[in-house]
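Listed below are the residues making up each chain.
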Amino acid sequence: MPSFGADMTSGILSEWRIKPGDRISKGDIIAVIETAKGAIDMEVFQAGTVHSLQVTPGSRVPVGAPIATLVGDTESVPAAPTSPITPAAQTRIKASPLARSRAKMQGIDLGRLSGSGPDGAIIAADLPDTTDTTKTASPPAAPAADPAQMRRAIATAMASSKREIPHYYLASTIDLQPAQTWLTRYNQDKPPEAQLLMTALLHKAIAVALKRSPELNGFYRNDRYENAEQIHLGMAIAIHNGGLIVPALHHTDQTELPQLMQQMRDLTLRARRGGLRSSEMTDATITVSSMGDRGVESLYGVIYPPQVALVGLGTPQIRPWVVDGEVQPRLLVNMTLAADHRVSDGHQGGLFLRRVDKLLQKPETL
C-alpha cells in the first residue's frame, strides 16, 4: 500500500484494474485507492507480470503492507502468497466495486443477495431496482471523501510538522501591475478556454526562481536534506466538502504558460471529481497555497513534510504603491515563504522572494 502523503497511514483498496497473468508497464493504473482525501488512481513504477493479488476490494490496508506480487522479466515465480487481506464484514461477500457503491447509497444489504458475476460475485445488475419510475434516474455519484476524516488527517500531519520542523517565515509585497498589463494584452484576442490567469504566471515565476534556490526544493528525510532534481510544484486545491488536496504540477519550470494553465485546470477538475494519479500525489517538491479571490491579504502556511518550504499567496488587490516617487493604484500581492531552518535561512529565503519579484516585472520572459 503506497503512501500518498504524510497524513496517510492506511488506505482502502477500492478496485483492482489488473488480474493475475496480466503484463503491465511502468505508469499503468493498476488499482483505485480510497484515502481520506478521495479516490486515487494507483500507478505501478516497474514493468512485469502480475503473479497474485493479495488484497480483496474493500479492504483497509496499512501503508507499506503488500497488496500484490509482481514478477519481473528476469525473476523467478515466488511461492504462493498467504490468504488475501479481507475486511471482517466482507469475508463471505463477493461484489464488484460498482455494486458495493450503489448498495451503500441505496441502503441495500449485500448479504441478502445472490451474485451472477464471476465466482458468484454480486454485480450491479443483481441489485434490486429502488428507483422511482416516475422520475428520471441520474447516475450515482462517486463516493465523496469524509470531511471529518480528512480534517483529522490534515491536523495530524500539520501538528507533526509544527512540532518537528523549525519554521521561519518571510513576507514580501510584489507589484503585479506589469504582469497584469502583459496578461491583458495576451488574452485580448483569445477564447476563454485559451486565456491565462494570473495564478499561472505566479506559479511559473516561483518555479523558475527555484532553479537558483535549490535549498527550498527538496525533502528532509533520515536527518538529511535531499535536493530534488526536478521542480514539481504542489498546488493546494480546496475541495467542495472541505479540506485540501495537493497534487503536483510536474516540471513546472519547463512548462510553457499555455500548457501550464491547462494542467492547472485539469488538476483542479480531477481533484474535485476524482481521477488523480498516485504520481501526482507523491512527488511534489514544494507546495504553493493560494487564497485566490477570498480576499485574504496574506497566507502563512505550515510546511508539508518531507518538503522543506511552502509559498503562500494572498489575494491580488489594487492598493496604493509608490512608483518613481509618485503614489499610484497598482495590483499588488503579498507572497510569503515558510521554510525549514535545518536547510535554509532568512538570507536564502529573501533572495528567493526577490527573484520571484524580478521575474514578475518581466512576465514576457516566463
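Above this text you will find the structure in question.
Note that the structure is a prediction, hence the values are computed from the model and not measured. (Residues numbered from 1 in each chain as written. Predicted model: local features only at pLDDT ≥ 70, side-chain atom pairs only at ≥ 80, totals over all residues. Heavy atoms only, no water.)

Caption draft 1: Structural detail: the overall build of the protein chain. For the protein chain, the helix and strand inventory stands at seven helices and 19 strands. For the protein chain, the proportion of its 366 residues judged to be buried stands at 45%. Residue pairs in contact within the protein chain that sit at least 24 positions apart in sequence constitute 62% of those at least 6 positions apart. Carbon and sulfur atoms make up 52% of the accessible area of the protein chain, which amounts to about 19000 Å² in all. (Helix = DSSP H or I, 4+ residues; strand = E, 2+ residues; numbered from the N terminus. Buried < 20%, exposed > 50% of the residue type's maximum accessible area, 1.4 Å probe, protein only. Contact = heavy atoms within 4.5 Å. Areas by Shrake-Rupley, 256 points an atom, 1.4 Å probe, with all protein chains shown as cover.)

Caption draft 2: The arrangement of the sheet that holds strand β4 (residues 38–43) in detail. The five strands lie next to each other as β6-β1-β3-β4-β15, forming an open sheet whose pairing is mixed. The open sheet terminates on both sides in strands that have one partner only, identified here as β6 (59–62) and β15 (276–277). (Pairing = 2+ DSSP bridges.)

Caption draft 3: Up close: the pattern of salt bridges. Counted under the stated rule, the structure contains nine salt bridges. Here R221 and E226 are joined by a salt bridge, their closest N and O atoms 2.8 Å apart. Judged by its relative accessible area of 35%, R221 falls in the partly exposed class. Three or more residues joined by partner-sharing salt bridges are found here, namely E15, R17 and D41. (Salt bridge = Lys/Arg side-chain N within 4 Å of Asp/Glu carboxyl O.)

Caption draft 4: Just the layout of surface pockets, in detail. In this structure, the second largest pocket spans a volume of roughly 680 Å³. As for the second largest pocket, its lining consists of 28 residues, and the residues nearest its centre are T199, S290, M291, G292 and R294. Listed by contribution, the elements that provide at least two residues to the lining of the second largest pocket are α4 (198–210), β12 (237–238), α5 (257–273) and β16 (286–290). When residues in the lining of the second largest pocket are grouped by element, the largest group, five residues, is from α5. Here the residues of the lining of the second largest pocket sort into 15 nonpolar, nine polar and four charged. (1 Å grid on protein atoms, 1.4 Å probe; cavity = no way out; pocket = protein on both sides within 12 Å on 5 of 7 lines; lining within 4 Å. Points joined across faces, edges and corners; volume = space filled by probe spheres on them. Nonpolar A, V, L, I, M, F, W, Y, C, P; charged D, E, K, R; others polar.)

Caption draft 5: The arrangement of the side chain of D41 in detail. As for its placement among the helices and strands, D41 is situated in strand β4. Accessibility expressed as a relative area gives 15% for D41, which makes it buried.

Caption draft 6: Region of interest: unusual backbone geometry. In the segment running from P305 into P306, the intervening peptide bond is cis, with an omega of 10°. Relative to the helices and strands, P306 resides in the loop between β16 and β17 (309–313). Look at H251: it is not a glycine, yet its phi comes out positive at around 50°. Its location among the elements puts H251 in the loop between β14 (248–249) and α5. For H251, a relative accessible area of 33% puts it in the partly exposed group. Phi is positive for D324, close to 55°, though the residue is something other than glycine.

Caption draft 7: Representation of the packing of aromatic side chains within the structure. Under the defined criterion, the tally for this structure stands at two aromatic pairs. When the centroid spacing of 6.1 Å and the interplanar angle of 75° are considered together, the rings of Y169 and Y300 count as edge-to-face. Here Y300 lies in the loop between β16 and β17 and Y169 lies in strand β8 (residues 167–175), a separation of 131 residues in the sequence. Given the relative accessible area of 32%, Y169 is considered partly exposed. Centroid distance W182 to Y186: 5.3 Å. Interplanar angle 25°. Geometry classified as stacked. Within this pair, W182 and its partner Y186 are both found in helix α3 (residues 177–187), separated by four residues, close to a single helical turn. A relative accessible area of 15% means that W182 is categorised as buried. The ring of Y186 carries the charged tip of K190 above its face, separated from the ring centre by 4.0 Å. (Phe/Tyr/Trp six-rings, centres within 6.5 Å; stacked < 30°, edge-to-face > 60°. Lys NZ or Arg CZ within 6 Å of the ring centre and 35° of its normal.)

Caption draft 8: Region of interest: the sheet that holds strand β2 (residues 23–24). The three strands are arranged β2-β5-β7 in an open sheet whose pairing can be described as antiparallel. Each edge of the open sheet carries a strand with a single partner, namely β2 and β7 (68–71). In terms of strand pairing, strand β5 (residues 48–53) meets β7 through four bridges, oriented antiparallel. Residue S52 lies in a different strand from β7, and its bridge partner there is T69.

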